Amino acid sequence: MAHSNKTKYSVCTICDIGCQLRTETEEGKLSRVLAHDNPMLAANICYKGVAAPDIHNHADRIRKPLKRIGERGADRWEEISYEQAMDEISERLKTVVSEHGPEALAVSTSGWNTQTTHSTDRRFMNLLGSPNWISGVALCAGNTAAVNRLTYGWFPQPDWAKTECIVLFGHNPRKHSWTPIFNAIKAARARGAKVIVLDPRISDQAETADLHLRVRAGTDAAMCLGWLKVIFDEELYDKEFVAQWCTGFDELKARVDEYPLERVEEITGVDRALIAEAARMYANAKGAVIPWTPITDQQISSTSAIRLHSILRAVTGNLDAQGGETLGGFNQSYIPESEIGLHDLLPDEQKAKQLGFDDHPVFTYRVAEMLKEPTEKVWGFPYADIVMGCQMANPTNVFRAMAHGDPYPIKAFIALGNNALLSYPNQHQIHAGMMNQDLIVAHEIFMTPTAMLADYVLPGDVFTERNHVADSWSWGNRLTLSQKVVEPPAEASSTFQFWTDLAKRFDFAEHFPWETLEDMLDHRLSRSNRTFAEFESETFMEVPTPEFHKYRETGFATPTGKVELFSSVLADLGFDPLPYYREGPALSEEYPYAVFTGVREDAFFQTGQRNIAVLRERSPSPKLFLHPTDANKEGLVDGDWVKLTTVTGEVQAKILVQESMKQGHIRVPHGWWYPELRGAEPLAGAFLSSDAVLCADADEFLDYEQGIPHFKGFPGRLTKIAAPQNMSAMVLDG
Ligand SMILES: Nc1nc2c(c(=O)[nH]1)N[C@H]1C(S)=C(S)[C@@H](COP(=O)(O)OP(=O)(O)OC[C@H]3O[C@@H](n4cnc5c(=O)[nH]c(N)nc54)[C@H](O)[C@@H]3O)O[C@H]1N2
Ligand SMILES: Nc1nc2c(c(=O)[nH]1)N[C@H]1C(S)=C(S)[C@@H](COP(=O)(O)OP(=O)(O)OC[C@H]3O[C@@H](n4cnc5c(=O)[nH]c(N)nc54)[C@H](O)[C@@H]3O)O[C@H]1N2
Ligand code: SF4
Ligand SMILES: [Mo]
């Protein structure tokens, strides 16, 4: 798609869906961010994107490297030069490596906001010898990608343009939450596509859905088994595809027979007739999709639930099919992140030290190595690091190693564009782990609670201050131009620069041959004989037309070359090769409510933007949703403050009584801290209202195969408290 040279296009990274937006500048500063001028893309903007100038020009942006001068976490700093910071970081990292080995370095990042390739992290770590890279995507699309590979070797994307039926397992895109997906669903509905929503609440998507199944939180795997029961019993599956392309049908069928609808109704709380109706609607549609959802990424039966989505796609003939879901493979004209990462350079013995490798291997190197051969055969390169999620360490194992040295110590921790303290389960353990480090570096744009715990805080640039070509996280194969429109302030720079400058100090310079970010983009575009400058002048976006049924030529990228209904990889690892339902930790008199985290807030992305006035005024305080019956029982009314307690801790928040909530359930929001309490409360109130305080990561809360925590329906109790003294009027009134 060509464009006029005057308009600048940047990919918004305030959230991770990456809308391409237009930018305007005034006197060298970003002044306005606007909707796209291409009518197909013009609706893809939300008020966070519009607020980009408020974020990028904010007075509190970190502009100079900071070095800790007080106790760790005391939030006292001196400004130092970038060169001094990099020299000291490099020396201290060398000391950690010489005392504890290279695996004592852990890096945490979610990659999309720092944008300039997470694979430079991996490249540096692989050269150094550390496998311990973790990411928020372990609880998001990254782990889904890894689990999808078990069944058919890639992570598909919905064919939004042609689908006739959309199934949303919780996933609730809205005008200001993943706007492009919201728009895609809206357009499909306008064409007549049906929407089925599975959600304990009457969510925004549920309100307009054709069918709404109000599942009990955490029971999605059981629901899918019920759907398969109907689909098999009523012979609604694609027999030809199953016969030719799937292994393990009989074993799967026997497993599914263990889930008659009476049992599924009992587990999920949904009427069996409605379960059957939904299964039929999905299976009978000529092209149906189950778009990715974080809901099944974050529950105790996560691996089974994600596998069941994969299996449903396959047996109904919706895999790699028009109106169903497409398997894209690597973009052929852009060197993928997977290649930049140099995963083949990390020795096997270091890969085997990756935390999680032994006990929860599904998204670690252990499975990546098992899938290497078929991946190379089908997709042309052995390491498919889709959505950054396919060769990660397990976060819980990493924080245990940081806190307790078990099974070996992690002593250096680098967080890049990730507020790690609040972004995984069991915040107390993360905190203990961080307090036990010899070196912490945070690459950040604002002073977050995580950055407050660092030895060095490096000022990050933002998406309007660097060039990039976004590759849909190696998931789809669209290429999207993102242009630098202003200079970064003072000494702010990219994570690419950070790794390049660290590599020089470690004698890895030959593997970091690029002087500038644009050099690296030139390298990545060299496969299609273009430079970044040429790409930039020719196009703003390349969208290859999806191809279907490619497996007929190549087979699937699994060990058997087929869709593995019975997973040979899980069998080899000693796990149940067939999907199953596992009940989460039981509610009790002491903890009578099923708590779930999530329901993203329109105004913020995850733990961010609480300091941006135009956004914060839309959502001034954290809210727990409660059904009116439960509120009555607890003697609570709207606006009361409560303490919510679980086995790992307690947080405070306001009550929002909602008819739309499911009885017996409580919603707790993600990511709350109070930038305005910096100086008044330790770590700016990071422990006051953060969901990570409540989420346990003891074994009985973890999915077996991936070690993913149960965020959907864990036990908790409520106690009414007085309005807190330390909060501002904005929080108390809002
Ligand atoms: N407890 C708990 N943990 C969760 C979740 C949950 O619901 N509960 N959700 C999970 C999910 S779904 C996801 S996607 C992940 C999200 O995890 P992340 O995407 O890592 O999100 P945050 O942890 O909020 O960290 C983003 C940080 O990046 C900074 N930042 C923004 N832009 C830039 C930039 O351009 N450069 C630099 N250097 N920094 C930047 C922001 O200031 C912010 O502090 O978290 C997961 N973790
Ligand atoms: N404004 C804004 N938009 C965002 C984000 C943001 O932080 N802010 N984050 C982005 C990211 S990284 C992600 S991962 C997505 C997440 O966004 P979504 O995929 O929409 O997920 P949530 O908003 O957490 O929850 C969606 C629904 O799941 C329901 N639910 C809770 N427990 C269960 C369960 O056990 N089963 C089922 N079936 N449903 C359940 C909830 O009631 C809720 O209505 O949002 C993206 N969009
Ligand atoms: S939905 Fe909003 S925050 Fe997310 S990328 Fe698009 S404009 Fe940015
Ligand atoms: Mo996410």
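Residues numbered from 1 in each chain as written. Chains lettered and ligands numbered in written order. Predicted model: local features only at pLDDT ≥ 70, side-chain atom pairs only at ≥ 80, totals over all residues. Heavy atoms only, no water.

(A) Seen up close, the domain arrangement of the protein chain. Its domain assignment divides the protein chain into domain 1 (66–143 + 333–460 + 489–530), domain 2 (157–326 + 555–573) and domain 3 (593–733). Opposite the 21 residues of domain 2 that make contact, domain 3 presents 24 residues. Surface buried jointly by domain 2 and domain 3 totals about 1,900 Å² across both partners, of which 53% is contributed by carbon and sulfur atoms. There are one salt bridge connecting domain 2 and domain 3. When the shortest N-O distance is used, the salt bridge between Arg 174 and Asp 602 registers 2.9 Å. (Domains from an automatic or database assignment. Contact = heavy atoms within 4.5 Å. Buried area = accessible area lost by both parts, 1.4 Å probe. Salt bridge = Lys/Arg side-chain N within 4 Å of Asp/Glu carboxyl O.)

(B) Broad picture of the sheet that holds strand β3 (residues 29–34). Taken in spatial order, the three strands line up as β1-β2-β3 in an open sheet, and their pairing is antiparallel. Of all strands in the sheet, those bounded by a partner on one side alone are β1 (9–11) and β3. Strand after strand, the sheet turns through a mean of 50 degrees between neighbouring axes, direction not considered. Of the pairings in the sheet, the one linking β1 to strand β2 (residues 20–26) comprises three bridges and is antiparallel in character. Looking across to β2, one finds that Val 11 is bridged to Gln 20. (Pairing = 2+ DSSP bridges. Helix = DSSP H or I, 4+ residues; strand = E, 2+ residues; numbered from the N terminus. Axes fitted to C-alpha atoms, helices over the stretch in contact; angles between N-to-C directions.)

(C) Highlighting the packing of helix α8 (residues 220–233) against helix α13 (residues 302–315). Where α8 meets α13, the axes come as close as 9 Å, and the angle between the chain directions of the two elements is 25 degrees. On the basis of the axis angle, α8 is roughly parallel to α13. Regarding α8 and α13, the two cross each other, and that crossing is left-handed. Two secondary-structure elements touch here, α8 through Ala 221, Cys 224, Leu 225, Trp 227, Leu 228, Ile 231 and Phe 232 and α13 through Ala 305, Leu 308, His 309, Ile 311, Leu 312 and Val 315. (Parallel < 35°, antiparallel > 145°, perpendicular 65-115°, else oblique. Left-handed = near helix turned anticlockwise from the far one by under 90°.)

(D) Seen up close, the site of ligand 1. Within the structure, ligand 1 sits among 31 residues, and Ser 110, Ser 423, Glu 444, Thr 607 and Asp 691 are positioned closest to it. Note that an oxygen atom of ligand 1 is positioned 2.5 Å from one of the side-chain N or O atoms of Ser 423. The side chain of His 443 places a nitrogen or oxygen atom 3.1 Å from a nitrogen atom of ligand 1. Relative to its unbound accessible surface of 920 Å², ligand 1 loses 95% to contact with the protein. Across the shell around ligand 1, the residue classes break down as ten nonpolar, 16 polar and five charged. Mapped onto the domain boundaries, the shell around ligand 1 takes at least three residues apiece from domain 1 (66–143 + 333–460 + 489–530) and domain 3 (593–733). (Near = heavy atom within 4 Å. Polar contact = N/O pair within 3.5 Å; in protein donor to acceptor, adjacent residues only side chain to side chain. Areas by Shrake-Rupley, 256 points an atom, 1.4 Å probe, with all protein chains shown as cover. Nonpolar A, V, L, I, M, F, W, Y, C, P; charged D, E, K, R; others polar.)

(E) Spotlight on helix α11 (residues 261–268). Turning to α11, its buried residues number three or more, namely Leu 261, Val 264, Ile 267 and Thr 268. Down the axis of α11, the buried side of the element spans an arc of 120 degrees, and every buried residue falls inside it. For α11, the secondary structure elements touched by its buried residues are α8 and α12 (272–284). One or two residues past the end of α11 sits Gly 269, with phi positive at roughly 80 degrees. (Buried < 20%, exposed > 50% of the residue type's maximum accessible area, 1.4 Å probe, protein only. Arc of directions from axis to C-beta.)

(F) Quick peek at the site of ligand 2. Near ligand 2 there are 32 residues, and of these His 171, Asp 199, Arg 201, Gly 218 and Phe 604 occur at the shortest range. A distance of 2.5 Å separates an oxygen atom of ligand 2 from a polar side-chain atom of His 171. Measuring from an oxygen atom of ligand 2, one finds a backbone N or O atom of Gln 606 at 2.9 Å. Considering ligand 2 on its own, with 920 Å² of exposed area, one finds that the protein chains cover 99% of that surface. Three or more residues apiece are contributed to the shell around ligand 2 by two domains, here domain 2 (157–326 + 555–573) and domain 3 (593–733).

(G) View of the packing of aromatic side chains. A complete count under the given rule lists 29 aromatic pairs for this structure. On the numbers, 5.1 Å between centres and 20 degrees between planes, the contact of Tyr 9 with Phe 540 is stacked. One end of the pair, Tyr 9, is in strand β1; the other, Phe 540, is in the loop between α23 (532–538) and β20 (541–542), and 531 residues separate them in sequence. With respect to class, Tyr 9 is no different from Phe 540; both count as buried. Cation over ring: Arg 610 sits above Trp 672, and NZ or CZ is 4.5 Å from the ring centre. In this structure, Arg 667 packs its charged tip against the face of Phe 625, placed 4.3 Å from the ring centre. (Phe/Tyr/Trp six-rings, centres within 6.5 Å; stacked < 30°, edge-to-face > 60°. Lys NZ or Arg CZ within 6 Å of the ring centre and 35° of its normal.)

(H) Main features of the pattern of salt bridges. Under the definition given, this model contains 40 salt bridges. Salt-bridge contacts for Glu 650 lead to Lys 643; the nearest nitrogen and oxygen are separated by 3.8 Å. Each of the salt bridges in this network shares a partner with another, and the network as a whole consists of Arg 68, Arg 72, Arg 92 and Asp 455.

(I) Main features of the sheet that holds strand β16 (residues 439–444). Pairing within the open sheet is mixed, and its seven strands lie in the order β5-β4-β17-β16-β15-β6-β7. Each having just a single partner strand, β5 (77–79) and β7 (133–134) make up the two edges of the open sheet. Sheet analysis places strand β6 (residues 105–109) next to strand β15 (residues 412–416), joined by five bridges and oriented parallel. Paired with Leu 105 across the two strands is Ala 412, which belongs to β15. Those strands touched by helix α21 (residues 495–505) are β6, β15, β16 and β17 (456–459), and its axis lies near 150 degrees from that of β15.

(J) The environment of Ala 594, seen in detail. Structurally, the position occupied by Ala 594 is in strand β22 (residues 593–597). Distance in space between the C-alpha atoms of Ala 594 and Pro 449 is 28 Å, their sequence separation being 145 residues. Residues contacting Ala 594, with those up to four places away along its chain left out, are Leu 587, Gly 664, His 665, Ile 666, Gly 713 and Phe 714.

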